[in-house]
Structures are given as structure tokens and as C-alpha cells.
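# Residue-level structural notes
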Amino acid sequence: MRLPPAEDALAGARAQFALLAEGVRDLPDDAFAKPTRLKGWDVAALVAHLGRNAATVTGRVERGTNDKPDTDVLDYLSGMRAIAEEIGSRAPALAAERTPAELRDGLAAGAKALEDLDAPITLTIEGYAGTLSLGDFLVTRCVEGVVHGLDLRAATGVPDKPDPAALKVCVRILAALVERAVPGKAVEVRVPGHVAFQCISGPKHTRGTPGNVVECDPVAFVEVASGRWTWGDAVSRGTIRGSGGRADLSEWLPVIG
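Notes on the structure in this doc start here. (Residues numbered from 1 in each chain as written. Predicted model: local features only at pLDDT ≥ 70, side-chain atom pairs only at ≥ 80, totals over all residues. Heavy atoms only, no water.)

### With respect to the sheet that holds strand β6 (residues 240–243)
The 4 strands lie next to each other as β4-β3-β5-β6, forming an open sheet whose pairing is mixed. Among the strands making up the open sheet, the edge pair consists of β4 (195–199) and β6. Averaged over all adjacent pairs, the angle separating strand axes in this sheet is 15°, with direction ignored. By the bridge criterion, 5 bridges tie strand β3 (residues 187–191) to β4 in an arrangement that is antiparallel. (Pairing = 2+ DSSP bridges. Helix = DSSP H or I, 4+ residues; strand = E, 2+ residues; numbered from the N terminus. Axes fitted to C-alpha atoms, helices over the stretch in contact; angles between N-to-C directions.)

In C-alpha cells:
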């Protein structure tokens, strides 16, 4: 599968974090105390985490090198699952004793840092789970921005939907993770307007209508691939539909946490 171009990731990350900053700007102060679907996180912790994730790109670029990366975006995202709990435990501390106004300003500053970013996308930077190119790291910012944007929407109702460019990058990279985790040609997965791919070992489809097809709404695909919804949740909502005896990916999802 062709991975998202770095230029698309930069545009998507900029647009998504600008959208998040705009949505948070209009939240009433009492909304920051609302719980989220992330264990131990309220909205304040979520906003603090988002602001930091955007703002730290600048520091990583300043410390960058021209050495070769030791990981790529797929390995990096897979590796992040092992340390997700550790990183998640820091978010409430980031929000401690910060007012809603300070949290809004922090996210706005992070969005501006992405907007002002001016560095070669081939630059090698240090991430949480290894060194990777700036272009690959920006793909991860799209994933963070879209997935946590959906967490924010679930808690507060804003933003209404992800930025389309960021969503497309996020869907494509999550699809690539699924494709790599369960290679094969037995099931065709379609996310209309975003990606189509085959996975799971078994009888190979060659022509005509595939025997096993999964069709997903793009937001539902992200929700399930990130573990926010179960496969059954999405099927019951009608946002994932399958045909064929093997059109069920629940055994292999989520691919990120």
C-alpha cells in the first residue's frame, strides 16, 4: 500500500490542530472538568496532551540530525502501543493547576507551531519510540490529532468532524497497519473515498465481486482501529458492513491504542 505523502501529512496536521484549537476556544470553562473515554483523563488532560503533542514538533526539529532514521512510521506507531500507558499517565499532570484559558492558549500555540514549521521533511528527529523522518512524524501527528479529536468530540461535542485531509492520512496509515498485521487476499476492506486494501490469508480473490468484503465509514474505521469502538459497536451503528463468512476483523483490532 502506498503510504500518505509527507506533504499531505503536514497539511493535514496543520488543519486538524487548527480545527481543534478553534473548537476548544469556544468551550465553556466547566467543560474542561468533563470525563473523557480515556481512563483517568478529563477534557483538561486531553487538551493539555494535544497542545504538547503539537508544540513539541518545533523542539524535535531543532534537535534534528541528518542521520538515517532507525524506524519508519509503521514500526513507530506499532512501538507506541508498548509505551502508550506510560505516556497517558503524564497527561493529567500536564493539566494540573492550569486554567481553561491557559489550556486553550497551549493548544493554540501548538497549532501555530505546526503552521510555522519550516524544515525539510527528510530531517531525522527523535520521537518517543525511536528516530524517524519529520515526514513520518507528521503522519503520527495526523493520527494523534484525528483520534484525540474524536475523543474530544465524544466528551464535548466539538469539533463536529475531523479535517478531511487529516482524516484521509489517518485512515490510510491505519489501513496499512492492518494490512501488515494480517497480510493476505481473502478479505477486501473498503473505506470509500479513502482507501481499499486486501488482508487475511485464505482463498485469493481474482475477478468479479470478492467473496468477503468489509465496507467502513472512515470515522468508524478510525474509531475501531484505535480501540475506541468495538467491531460490534460499529456494526450495530451501521457504519461498518460486511458480506461473506470472513468479513470480520475484530480479532486483529485495534492496531493502535
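### Concerning the packing of aromatic side chains
Applying the stated rule across the entire model yields 1 aromatic pair. Relative to Phe137, the ring of Tyr76 has its centre 6.4 Å away and its plane inclined at 80°; by these criteria the two rings are edge-to-face. Within this pair, whereas Tyr76 is found in helix α3 (residues 73–88), its partner Phe137 is found in helix α6 (residues 134–156), the two being separated by 61 residues in sequence. Judged on exposure class, the residue Tyr76 and its partner Phe137 are both buried. The ring of Tyr128 has Arg60 sitting right over it, with the charged end atom 4.8 Å from the ring centre. Seen from the ring of Trp229, Arg237 lies directly overhead, with NZ or CZ sitting 3.9 Å from the centre. (Phe/Tyr/Trp six-rings, centres within 6.5 Å; stacked < 30°, edge-to-face > 60°. Buried < 20%, exposed > 50% of the residue type's maximum accessible area, 1.4 Å probe, protein only. Lys NZ or Arg CZ within 6 Å of the ring centre and 35° of its normal.)

### Brief notes about the side chain of Ser226
Tracing the sequence through the fold places Ser226 in the loop between α8 (218–225) and α9 (231–237). In terms of polar contacts, Ser226 uses its side chain to reach the backbone carbonyl oxygen of Val222, at 2.7 Å. The contact partners of Ser226, leaving out residues within four places of it in the chain, are Val147, Pro254, Ile256 and Gly257. (Polar contact = N/O pair within 3.5 Å; in protein donor to acceptor, adjacent residues only side chain to side chain. Contact = heavy atoms within 4.5 Å.)

### Things to note about the packing of helix α1 (residues 6–25) against helix α5 (residues 100–115)
The axes of two packed helices give the description: the angle between them and the distance between them. The geometry of α1 relative to α5 is characterised by a closest axis approach of 9 Å and an angle of 160° between their N-to-C directions. Here α1 is positioned roughly antiparallel relative to α5, judged by the angle of their axes. Along this stretch, α1 crosses α5, giving a crossing that reads as left-handed. Seen from α1, the contacting residues are Leu10, Ala13, Arg14, Phe17, Ala18, Leu20, Ala21, Val24 and Arg25; seen from α5, they are Arg104, Leu107, Ala108, Ala111, Leu114 and Glu115. Broken down by class, the residue content of the contact of α1 with α5 amounts to 11 nonpolar, no polar and 4 charged. (Parallel < 35°, antiparallel > 145°, perpendicular 65-115°, else oblique. Left-handed = near helix turned anticlockwise from the far one by under 90°. Nonpolar A, V, L, I, M, F, W, Y, C, P; charged D, E, K, R; others polar.)

### Structural notes on the side chain of Asn53
Topologically, Asn53 is positioned in helix α2 (residues 43–62). The contact partners of Asn53, leaving out residues within four places of it in the chain, are Tyr128, Arg141 and Glu144.

### Some remarks on the pairing of strand β5 (residues 213–216)
Pairing analysis gives 3 bridges linking β3 to β5, with the strands arranged parallel. Among the inter-strand pairings, Val189 is bridged to a residue of β5, identified as Val214. Bridge count for β5 against β6 is 4 bridges, and the pairing is antiparallel. Within the sheet, the bridge partner assigned to Glu215 lies in β6 and is Arg241.

### Focus: the pattern of salt bridges
Applying the stated rule across the entire model yields 10 salt bridges. Beyond isolated ion pairs, a larger network of salt bridges with shared partners links Arg37, Asp151, Glu223 and Arg228. (Salt bridge = Lys/Arg side-chain N within 4 Å of Asp/Glu carboxyl O.)

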